[in-house]
Amino acid sequence: MRRRTTLATPPPSGTAVYPANVETLQALVNTEPGIFYAGQSPGDGLPVPLTLRHFGKTEDGGFGEAVMLGIFGQTRSGKSVLAAQLMAGFAVNQRMGLLVLDPQGEFGKDRLAAGDHRVDFSIKRLLGALVPPRVAMVTSTDDVALEGSEAFTEILRREGFFGTLGFKGHSKEREASERMASMLSDLTDADGKRRPIRDIRSADLPLLVKDLARFADVIYASRPGIAPGEGQRAQDVLARYQLDEVRLKRIWHESLTSFRTDNGRIALSDLIQRVLHDREVVVLSFSQEDSKSGVPYFLLNEILTRLRHVIHRNFQRGEGSNALIVLDEAHLFAGEHASESADGSRTRTMLAQSVRMTGKYGVGWFFITQTLHDFDKTILRQLQVKIFGQGFKVGADREYVQTELGPEGFARYCSLPDPKRTGRYTFMITGPIVSLGSLGTPLVLQGFRSGDDLVRANPHCFAAAVPADELRQPALEWA
Ligand SMILES: Nc1ncnc2c1ncn2[C@@H]1O[C@H](COP(=O)(O)OP(=O)(O)OP(=O)(O)O)[C@@H](O)[C@H]1O
Ligand SMILES: [Mg+2]
C-alpha cells in the first residue's frame, strides 16, 4: 500500500521497506500542484520532485504567499544553470509574471544555450516548449526609459555636471545632486501636476542652477550673516555655469536621452507592469555602458523605486500581484562590496526593504549569489528557500551552512562532488519547494545535464523538445 503521510518518524519495525522507483515516486506527488523535476537524486538517479507553485491562494494551487529564494555557490558552480531551470518551472504557472534582472547580460544573451558547446540550457527553448508556450521579452536598460529624479541626477553626476559647477569631491557632489533631485521632484506643470523627468525643458535649467547656487552657499557655509545666494560660493557657481554653459547643456540633454520615451524606449514602469499585470516573462539586462564605471547601484535603485510605485498603484486598484523577481549576481548589490561605498550601502538597504515590502503583495525574490557570509543578513533571514552549491565548506560560510543544514546535512554537503572535476553539479535545498521528505530535511539534487533532460523529466509541463536547428538562431532574435 502506498500512502503519503506528514509523519516525521520512521515506520514501525516490521514494516516492509522497498526502494522507490520512478513510478512510485510520481504516484506520491502527482496530484499535487506545482510538481516539477529539476534534477535527479545522486545515488539512484531518480528524478527529484520540487514544488514550484505560484504565489496566489492555496485553493488555487499556490503557495498562499510570496516565496523568497536564494541560490548560493562559488563561481561556475552551476547556479545560473539551475536557476534557469527553476525559472522555467515557475513559468509553468501561467498566472505568474517573471522579471529577470540580469546585470551581466547572461540570460539576455541566452548564454547558457548551446553556444557553450558543452551544455544547452536555453531559457528561450525551455519557455517555448511549455504548454502553452511562453515567450520572454528580452530587453536592456539601453532600451528602457528611466523615470526617477535620483536616477537622472546620478547620471548628471557621473558625467561631471556638478563637478563643473564647482561642487568638488564625492560628498559635495552628492549633496548637490540630492538637492537637484528634490527640486526636480517638485517641478509641476500649469495644472499643478508633477512633471515627469522626460518633460523637463531647456528653460528649466538656468532656474535650477540658480537654486543650486543658493544651495552652494548653504553647504559650503559661507560667512555668517550672508543670505544664501549672495555669498561667494553662489557667485562662483553662477560664473562657472556661464563659462561652461554649452557643455553643461549638452550633458543635460544627453542625460535626458535615457528618460525620453519618444525615441522608442519603453518606460520602466510599463515594463514592470508587463510582469505584474500582464504576467509576462521579462529579462532586463544591464547595459555595459552603465556598468562601465562600477556597479550600477543607481539602476537597481531606480528599478526598486518603480517596482514599489507600480505595486502600490495596482494594489490601490484592487489588483494583487503574483510574480517572481530574479536577481543574478546579487552579491554585487547585497554583499560586502556594496557596503564599502555610500551608494552601495544605500542600495543594499533599499533591496532588503523592498524584499520585505513586495512580499506582502505577492511578489517574491530569487537571489543568485556567489557569497554567503557577507550577504545582507536582513535579506538572508527572509529567504525561505535556500539552495547551496559548491563552495562553502570553510570559514564563516561553513558556520552558516552548518546551521542551515544541521550536522547531518552539513556532512552530506561536504561530501558533494566538486563540479569542476566531476562535471556533476549538485546542490542541497531546504524550504517549502522540497516536496518529499520530512519537514526540514535538506534535499540533495544533482542537476540535469541538458535542457532536453529537463523537458523529458517533465512531460506534464513541456511539449516535446523544440528541434535542435531552431536553437542555432542567433540568441538576439528572440526578443
Ligand atoms: N547541470 C549542468 N550540467 C552540465 N554542465 C553544467 C551544469 N551546470 C553548469 N554547467 C557548466 O558549468 C558552467 C558554469 O555554470 P553557471 O554559469 O551556471 O555557473 P554560475 O554558478 O552561475 O557561475 P557565476 O557565479 O560565475 O555566474 C556552465 O557554463 C556549464 O558549462
Ligand atoms: Mg551565473
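**Student:** Is there a simple way to think about the packing of aromatic side chains in this case?
**Tutor:** Two numbers describe a pair of aromatic rings. These are the distance of the centres and the angle of the planes. Taken as a whole and assessed by the stated rule, the structure comprises 15 aromatic pairs. For the ring pair phenylalanine 72 and phenylalanine 388, a centre distance of 5.6 Å and an interplane angle of 25° mean the geometry is stacked. With a gap of 316 residues between them, phenylalanine 72 in strand E3 (residues 69-72) and phenylalanine 388 in strand E11 (residues 385-388) connect regions that are remote in the sequence. Phenylalanine 388 carries the same exposure label as phenylalanine 72, and that label is buried.

**Student:** Can you help me understand the domain arrangement of the chain in this one?
**Tutor:** Split by domain assignment, the chain resolves into domain 1 (22-145 + 266-478) and domain 2 (149-257). Computed over C-alpha atoms only, the centres of domain 1 and domain 2 are separated by 41 Å. If you look at the interface, domain 1 gives seven residues, while domain 2 gives seven residues. Between domain 1 and domain 2 the total buried area reaches about 670 Å² when both faces are included, carbon and sulfur atoms providing 45% of it.

**Student:** Mind showing me how you'd approach the side chain of threonine 347 here?
**Tutor:** Among the secondary structure elements, threonine 347 is positioned in helix H14 (residues 342-360). Polar contacts involving the side chain of threonine 347 include one to the side chain of asparagine 301, which spans 2.9 Å.

**Student:** When you look at the pairing of strand E10 (residues 363-369) in this model, what are you seeing that I'm missing?
**Tutor:** Two faces make up the sheet, and in a regular strand the side chains alternate between them. Within E10, seven of the seven residues are buried, which leaves it mostly tucked inside the rest of the structure. Judged by which residues are buried, E10 turns out to be covered on both faces: Val363, Trp365, Phe367 and Thr369 on one side and Gly364, Phe366 and Ile368 on the other are all buried. Direction of pairing for E3 relative to E10: parallel, over a ladder of four bridges. When the sheet's bridge partners are listed, glycine 70 is paired in E10 with phenylalanine 367. The pairing of strand E9 (residues 323-327) with E10 spans five bridges and is parallel. Bridge pairing links leucine 324 to glycine 364 in E10.

The rules behind the values
Residues numbered from 1 in each chain as written. Chains lettered and ligands numbered in written order. Predicted model: local features only at pLDDT ≥ 70, side-chain atom pairs only at ≥ 80, totals over all residues. Heavy atoms only, no water. Phe/Tyr/Trp six-rings, centres within 6.5 Å; stacked < 30°, edge-to-face > 60°. Helix = DSSP H or I, 4+ residues; strand = E, 2+ residues; numbered from the N terminus. Buried < 20%, exposed > 50% of the residue type's maximum accessible area, 1.4 Å probe, protein only. Domains from an automatic or database assignment. Contact = heavy atoms within 4.5 Å. Buried area = accessible area lost by both parts, 1.4 Å probe. Polar contact = N/O pair within 3.5 Å; in protein donor to acceptor, adjacent residues only side chain to side chain. Pairing = 2+ DSSP bridges.

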